[in-house]
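Residues per chain are reported as follows:
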Amino acid sequence: MWRYLLKPKIFIPLIAVAGIALAIGFGRRSNTPDKSLVAAKRGTVVQEVSVTGSLVPAEAVDLAFERTGKIEKVLVKVGDEVRAGETLVFLSNQDLRAQVLQAEAAWEAEKANLDSLRKGTRPEELLAAETKVENAQANLSAVQAKAAADLDTAYDAALTAAQEGAAVGKAALLTLTDIQYAHFTGPTQEEQRLSQAKTVAVGALLGAADGGYLNNGTLSLLTGGAYGEIQQALGNRTPQQIEQGVAHVLSALLKVSSALNAVPVNFLLTSTEKTNLATEKNSVNSETTTLSAKDQGIPSQKALNASNLSSAQSALRTAEDELNLKRAGSTPEQISAQEARVKAALGSLQSAQAALGKTLLTSPVAGTVAKQEAKLGELVTANTAVLSVVSDGQFAIEANVPETDIVKIELGDRARVVLDAYGSEVGFAAAVVGMDQTATLVEGVPTYKVVIRFADADPRIRSGMTANVEILTETREGVVSIPARLVLERGDKRFVKKLVGDRVEEVEIKTGLLGSDGSLEVTAGLNEGDRVLR
């Protein structure tokens, strides 16, 4: 018989009958409290995230220079208390201080010019400007006179050197001809090369064609070629003739040198002839070097003259412009332009001051020096920490929050902190001030570092203490809520067993915030006072 009752087809109806009887019993006792029912209530749902962390100084600042340099002075040591903005270490910066002074002077000068423009030109300033123009005109005249004299000197030096060079070249050809007629008038290749080289030299220096075998009597009478040009230049002394004559003599001397080098120096020559030949070679080479230098001196002097004249002319134009400006008075455009120059000078000053500031290491906070590695005379590189300052009073808590909770936390969320050192009855107010955007694995779990800062300084708070923090992430006031454990879930829908009259019905509900105490906000499906089966 029991086996028959326990068969599924018989047992299930019995359970259903028992459930209906139980519901009827609830209905009959509806006037008496029942511990199996929970009423939906209206109130506040608070969501919190609990974390544990350790205390660190709210501001522990590592300080580094923004530029490389040598440490000139160290003003603090570990343990010293410092003020915000106090200079702690500085680099050698004499050059930068000088630049700041120069920039200050330039700025003051531009400001003075602006004040002068705004006030207008005074009689004494006008007189000074006129005197400046007169001086610039006199200077230009002096520069022009000196330029002309210096260029004449350069021409004279080149003309004299060319005259001497032509004479030396002609004498060398006479010496060469003596040796030629004594030993080299035959048909050999050496003698022909000598004759050809002499022909070229005689043509260039003395202007005679086919002069390879001319004797000294004939050569002595020749006055053409470069030799004749330089003689004419001595009479006319025009720049063009001098430059042309010098260039031709210089070219002829090179050809005379080639002719001298074509003389075979062999056993046929006597010792006197060899000496005379060597002497002529040295003389021609020396005159060539001298004449070349004098020839180059002419364009060099012209370039120098042009530079000096340009500077003198520019100075005159500047003085004349200044005089015209003072006579005309200041226009709005001139004042605006000068105001721009004042701003530019101020910008240069600020830039110099900023560069100087990079040689000074100052504390951004009031606190205590915790690390000091700067040594006098040491060369430090930019962005290398040499000193650390821990701020006074203020502390923060660093805690790792799992990814499931980090989405609930926002910057500014209020928190209550309990320190193990003082027990749970002593609480400290705090707030979330920072959150990492990237996760860090802690024992294989992705976590995010959150920084919670105490609202007030308190002497009881010390670095390194363990803190338990309740972060208030969200609050909903005046909402209907029930214990979350009463909610049934099927797929993405949620239900509760609600007592309706004498019956228990499943009712679909919409939920909101889940409170830290297990209460769950109900946004639809239940009203305040509705009773739900536990």
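Here the structure is shown first, and the text comes after it.
Criteria and cut-off values
Residues numbered from 1 in each chain as written. Predicted model: local features only at pLDDT ≥ 70, side-chain atom pairs only at ≥ 80, totals over all residues. Heavy atoms only, no water. Helix = DSSP H or I, 4+ residues; strand = E, 2+ residues; numbered from the N terminus. Buried < 20%, exposed > 50% of the residue type's maximum accessible area, 1.4 Å probe, protein only. Axes fitted to C-alpha atoms, helices over the stretch in contact; angles between N-to-C directions. Parallel < 35°, antiparallel > 145°, perpendicular 65-115°, else oblique. Left-handed = near helix turned anticlockwise from the far one by under 90°. Contact = heavy atoms within 4.5 Å. 1 Å grid on protein atoms, 1.4 Å probe; cavity = no way out; pocket = protein on both sides within 12 Å on 5 of 7 lines; lining within 4 Å. Points joined across faces, edges and corners; volume = space filled by probe spheres on them. Nonpolar A, V, L, I, M, F, W, Y, C, P; charged D, E, K, R; others polar. Expected span 1.5 Å × (residues − 1). Phe/Tyr/Trp six-rings, centres within 6.5 Å; stacked < 30°, edge-to-face > 60°. Lys NZ or Arg CZ within 6 Å of the ring centre and 35° of its normal. Polar contact = N/O pair within 3.5 Å; in protein donor to acceptor, adjacent residues only side chain to side chain. Core = buried A, V, L, I, M, F, W, Y, C linked by side-chain atoms within 4.5 Å.

## Comments concerning unusual backbone geometry
Phase 1 of the analysis: Of note in this structure, Arg 237 is not a glycine but carries a positive phi near 55°.
Phase 2 of the analysis: For Arg 237, the position within the fold is in the loop between α7 (225-236) and α8 (239-261).
Phase 3 of the analysis: Residue Arg 237 is classed as partly exposed on the basis of its relative accessible area, which comes to 39%.
Phase 4 of the analysis: Phi at Asn 383 takes a positive value of approximately 65°, unusual for a residue other than glycine.
Phase 5 of the analysis: Counting through the fold element by element, Asn 383 comes out in the loop between β9 (379-380) and β10 (385-391).

## Section: the environment of Ala 344
Phase 1 of the analysis: Counting through the fold element by element, Ala 344 comes out in helix α10 (residues 332-357).
Phase 2 of the analysis: Taking the C-alpha atoms as reference points, Ala 344 and Glu 425, separated by 81 residues in sequence, lie 63 Å from one another.

## What to know about the packing of α8 against helix α9 (residues 271-328)
Phase 1 of the analysis: Axis separation between α8 and α9 bottoms out at 9 Å; the angle between their running directions is 155°. It follows that α8 is roughly antiparallel to α9 by the angle criterion. In the crossing of α8 with α9, the sense of the turn from one axis to the other is left-handed. Seen from α8, the contacting residues are Glu 243, Val 246, Val 249, Leu 250, Leu 253, Leu 254, Val 256, Ser 257, Leu 260 and Asn 261; seen from α9, they are Leu 277, Glu 280, Lys 281, Val 284, Asn 285, Glu 287, Thr 288, Leu 291, Ser 292, Asp 295, Ile 298 and Lys 302.

## Observations concerning the layout of surface pockets
Phase 1 of the analysis: Taken as a whole, the largest pocket holds about 300 Å³ of empty space.
Phase 2 of the analysis: As for the largest pocket, its lining consists of 14 residues, of which Asn 113, Leu 117, Leu 325, Lys 326 and Ser 330 are closest to the centre.
Phase 3 of the analysis: Elements that contribute at least two residues to the lining of the largest pocket include exactly α3 (94-119), α9 and α10.
Phase 4 of the analysis: By residue class, the composition of the lining of the largest pocket is two nonpolar, eight polar and four charged.

## As for α3
Residues separated by three or four positions in an α-helix point in the same direction, a consequence of the helix having 3.6 residues per turn.
Phase 1 of the analysis: Over its 26 residues, α3 extends 38 Å from the first C-alpha to the last, a length consistent with the 38 Å expected when each residue adds 1.5 Å.
Phase 2 of the analysis: Elements that come into contact with the buried residues of α3 comprise α10.
Phase 3 of the analysis: One or two positions beyond α3, positive phi appears at Gly 120, with a value near 95°.

## Some remarks on α10
Phase 1 of the analysis: Over its 26 residues, α10 runs 37 Å from end to end, which matches the ideal 38 Å to within 8%, given 1.5 Å per residue.
Phase 2 of the analysis: Those residues of α10 not exposed but buried are Ile 335, Gln 338, Val 342, Ala 345, Leu 349, Ala 352 and Leu 356.
Phase 3 of the analysis: Of the surrounding elements, those touching the buried residues of α10 are α3 and β7 (360-362).

## Some remarks on the packing of aromatic side chains
Phase 1 of the analysis: In the structure shown here, the tally under the stated rule is two aromatic pairs.
Phase 2 of the analysis: On the numbers, 6.4 Å between centres and 55° between planes, the contact of Tyr 422 with Phe 428 is tilted.
Phase 3 of the analysis: Among the residues examined, Tyr 422 registers a relative accessible area of 30% and is labelled partly exposed.
Phase 4 of the analysis: The class of Phe 428 is buried, set by a relative accessible area of 6%.
Phase 5 of the analysis: Considering the side-chain rings of Phe 428 and Phe 454, the 6.0 Å spacing of their centres and the 90° angle between planes classify their relative orientation as edge-to-face. Here Phe 454 lies in strand β15 (residues 445-454) and Phe 428 lies in strand β13 (residues 427-435), a separation of 26 residues in the sequence.
Phase 6 of the analysis: An aromatic cluster is present here, built from Tyr 422, Phe 428 and Phe 454 joined pairwise through their rings.
Phase 7 of the analysis: Between the NZ or CZ atom of Arg 460 and the centre of the ring of Tyr 422, over which it lies, the distance is 6.0 Å.
Phase 8 of the analysis: Between Arg 490 and the ring centre of Phe 495, over which it is positioned, the NZ or CZ distance is 5.0 Å.

## As for the side chain of Ser 519
Phase 1 of the analysis: On the secondary structure map, Ser 519 appears in strand β20 (residues 519-524).
Phase 2 of the analysis: In this structure Ser 519 comes out as buried when scored by relative accessible area, which is 12%.
Phase 3 of the analysis: Engagement of the side chain of Ser 519 in a polar contact is seen with the side chain of Asp 517, the distance being 2.7 Å.
Phase 4 of the analysis: The residues touching Ser 519, leaving out its near neighbours within four places in the chain, are Val 45, Ser 481, Ile 482, Pro 483, Leu 513 and Leu 514.

## Some details on the nonpolar core
Phase 1 of the analysis: Formed by 42 residues in total, the largest nonpolar core has its most connected members in Leu 205, Leu 206, Val 249, Val 256, Val 263 and Leu 291.
Phase 2 of the analysis: Of all the secondary structure elements, the ones that give two or more residues to this core are α4 (123-183), α5 (189-206), α7, α8 and α9.
Phase 3 of the analysis: If one sorts the elements of this core by residue count, α4 sits on top with 13 residues.
Phase 4 of the analysis: Apart from residues no more than four positions distant in its own chain, Val 256 is found in contact with Gly 169, Ala 172, Leu 173, Ala 201, Leu 205 and Val 284.
Phase 5 of the analysis: Residues Ile 409, Leu 419, Phe 454 and Met 465 belong to the second largest nonpolar core, which totals 24 residues.

## So, the packing of α7 against α8
Phase 1 of the analysis: With their axes 9 Å apart at the nearest point, α7 and α8 run at an angle of 155° to one another. Classified by the interaxial angle, the pair formed by α7 and α8 is roughly antiparallel. In this structure, α7 crosses over α8, and the sense of that crossing is left-handed. Listed contacts from α8 to Ala 226, Glu 229, Ile 230, Gln 232, Ala 233 and Asn 236 of α7 are Gln 241, Ile 242, Gln 244, Gly 245, Val 246, His 248, Val 249 and Ala 252.
Phase 2 of the analysis: For the contact of α7 with α8, the class distribution of residues is seven nonpolar, six polar and one charged.

This is a description of form; function is not addressed.
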